[in-house]
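# Tertiary structure, described
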Amino acid sequence: MKRHIALCIAAALGLAVAGACGASEVRTESSVRALLFDQGYSNVTNLGLRGGAWLAEARDSEGRPVTIKVDPGTARVFATSRKVTIVRTPAPVHTREVVREVPVERTVVREVPVERTVVREVPVERTVVREVPVERRVAVVPRGPLTAEGARAVLHDAGYHNVHDLSMRNGKWVAEARDATGDDREIHLDAMTGAIVHVEDD
């Protein structure tokens, strides 16, 4: 029994101390804002001491608009939900009728003979002669057996380029190169006369 009484007295003293602390903490606007922030309120506006209590408008933890009342003596917070009503009034519509007279024309159609001209096209064959310059290359005929460098020179003079894989086969130089059109060719040259004796696709 004594222990129960002691606990009640301690609880009463704790409430008294808490009330005193709470009362001292809400005497200023900054302390009220801190109290509301701790309790999850935001966007606190129009905060002021009116009628012996702190009044303000804010938003609760769910974002709803509320009206706040704080008791400065007990630091208790009372929140009341505010309803926001949007009233939309349609703009008046003024109609003005304008009557405008439009002249009506009557059209009389009279047929007039039309002269027609018939044009007949006759195809005429024309021959167009176009001169294309052709470059002629003269092969250099060596004096004696043709060397590898001589074979390359003969191929270059004959219009071939990118000469590669040059080898001697049965008395003939065989090489791979590209002709004037860019196609790959295999060319055979007579090693004695330097004449091109055979050309085939590579």
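Keep in mind that this is a model prediction, so the values were computed, not measured.

Definitions and limits used
Residues numbered from 1 in each chain as written. Predicted model: local features only at pLDDT ≥ 70, side-chain atom pairs only at ≥ 80, totals over all residues. Heavy atoms only, no water. Helix = DSSP H or I, 4+ residues; strand = E, 2+ residues; numbered from the N terminus. Buried < 20%, exposed > 50% of the residue type's maximum accessible area, 1.4 Å probe, protein only. Contact = heavy atoms within 4.5 Å. Pairing = 2+ DSSP bridges. Axes fitted to C-alpha atoms, helices over the stretch in contact; angles between N-to-C directions. Core = buried A, V, L, I, M, F, W, Y, C linked by side-chain atoms within 4.5 Å.

### Side note on the side chain of H188
Mapped onto the elements of the fold, H188 is located in strand 7 (residues 184-190). Judged by relative accessible area, H188 falls into the buried class, the value being 16%. Apart from residues lying up to four places away in sequence, H188 is in contact with W173, V174, A195, I196, V197 and H198.

### So, the sheet that holds strand 2 (residues 53-59)
The sheet built from four strands is open, its strands ordered 1-2-3-4 with antiparallel pairing. The open sheet has two edge strands, strand 1 (42-50) and strand 4 (77-81), and neither has a second partner. Strand-to-strand, the axes of this sheet are offset by a mean angle of 20 degrees, without reference to chain direction. One ladder, built from five bridges, connects strand 1 with strand 2; its direction is antiparallel.

### Quick notes on the nonpolar core
Ranked by internal contacts, the top residues of the largest apolar core, which has 15 residues, are V32, L36, Y41, I68, V70 and V77. Within the residue set of this core, elements represented by two or more residues are helix 2 (29-38), strand 1, strand 2 and strand 3 (65-70). V70 has contacts with V26, V32, L35, L36, A53, W54, R76 and V77, leaving out every residue within four places of it along the chain. Among the nonpolar cores identified, the runner-up in size contains 13 residues, and Y160, V163, W173 and L189 belong to it.

### A few points about the sheet that holds strand 7
Strands pair in a sheet through their backbones, by hydrogen bonds, and they do so in one of two ways: parallel or antiparallel. Pairing in this open sheet of four strands is antiparallel, and the strands run 5-6-7-8 from one edge to the other. The sheet is open, and its two borders are formed by strand 5 (161-169) and strand 8 (196-201), each paired with just one other strand. Taken pair by pair, the neighbouring strands of this sheet meet at an average axis angle of 20 degrees, ignoring direction. Summarising the sheet, strand 5 and strand 6 (residues 172-178) pair through five bridges and their orientation is antiparallel. Counterpart to R169 in the pairing with strand 6 is K172. The sheet strands contacting helix 3 (residues 148-157) are strand 5, strand 6 and strand 7, and the helix crosses strand 5 at an angle near 135 degrees.

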